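Residue-level listing of the chains:
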Amino acid sequence: MFLVGLTGGIGSGKSTVAKILMDYGIHVVDADLIAREIVEPGKPAWHKIRNEFGDSVFLEDGTLNRAILGEIIFKDSEKRKILNEITHPYIHRRMAWNVVTSFFKGYQFVVLDLPLMYETGTFLDYLHKTIVVFCEENLQTDRIVKRNNYTAEEAERRIRAQLPLEQKCQRADFVIDNNGSLEQTRRQTELVLEILQHSKAHWRARILFFGWITSICAFAGWIFSQIPAKKR
């Protein structure tokens, strides 16, 4: 099995591409979904956020008030750093465990949907290929304003909090241009998927893994053989 990283910028259409991949049966591990799960009431990250940011970032039922928290962290980079330091270890741990279980389920490859793939760099060394979803900044801003009811200033603040899309594109193996129609985006995604499905990288990974297991078993057998029969 090999890993493919999927990223973009807020409002660029990354979730649209992830959905297309899932329509074709591809296993996608969604960092945003996990980020929501790890801050559910009573979870360790939930307690740490309450201790750091206070009761004002929570609703009456105890759930996180994402609008208030977002307003705080996108106005203060230090607060954003603190929040990331709280949540990222839990997110990355859950994603890593999902990857391990996916290996034993026999997937050819798994897509990691990582909004901050290049910003954090956590999984980069383990990715066989990377995909960046791109659109022009004015379109990106318009989408965020319409989707989240933000002002243009709020949308731009969130865009600026991430690495510029142009820089992400320069580092990507595949770039999907999401400036056009859904059908155009789907076709580009299908072409990338076709290339990934023809890759033999998953066989190399499995051979290396089973070679490693075989070596360990052989070494354990040799150790056992050195023990005198009377002591066994």
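To be clear, the structure that these remarks concern was listed above.
If you're wondering where the values come from, they're calculated on a predicted model, not measured in any experiment.

A. Region of the structure containing the side chain of T189. Tracing the backbone shows T189 in helix α10 (residues 182-197). Look at T189 and you get buried, because its relative accessible area is 2%. Leaving out residues up to four positions away in the same chain, T189 has contacts with V17, I20, L21 and I176.

B. Region of interest: the pairing of strand β1 (residues 2-7). Across the six residues that make up β1, a large majority, six, are buried. Here β1 shows two buried faces, one formed by F2, V4 and L6 and the other by L3, G5 and T7. Bridge analysis of β1 against strand β3 (residues 109-113) gives five bridges, and the strand direction is parallel. Each residue of the ladder has a partner; that of F2, found in β3, is F109. One ladder, built from four bridges, connects β1 with strand β4 (residues 129-134); its direction is parallel. Looking at the pairing, T7 lines up with V132 of β4.

C. View of the pattern of salt bridges. If you walk through the whole model with that rule in mind, you get 11 salt bridges. Between E37 and R94 there is a salt bridge, with its nearest N and O atoms 2.5 Å apart. Of this pair, E37 sits in helix α2 (residues 31-37) while R94 sits in helix α5 (residues 77-104), and the two are 57 residues apart along the sequence. A relative accessible area of 24% means that E37 is categorised as partly exposed. R94 gets classed as partly exposed once you look at its relative accessible area, which sits at 38%.

D. Representation of the environment of I38 within the structure. One can find I38 in the loop between α2 and α3 (44-53). Ignoring sequence-local partners within four residues, the contact set of I38 consists of K43, A45, W46, T87, Y90, I91 and R94.

Scoring rules and cut-offs
Residues numbered from 1 in each chain as written. Predicted model: local features only at pLDDT ≥ 70, side-chain atom pairs only at ≥ 80, totals over all residues. Heavy atoms only, no water. Helix = DSSP H or I, 4+ residues; strand = E, 2+ residues; numbered from the N terminus. Buried < 20%, exposed > 50% of the residue type's maximum accessible area, 1.4 Å probe, protein only. Contact = heavy atoms within 4.5 Å. Pairing = 2+ DSSP bridges. Salt bridge = Lys/Arg side-chain N within 4 Å of Asp/Glu carboxyl O.

Geometric descriptors of this kind do not, in isolation, establish any biological role.
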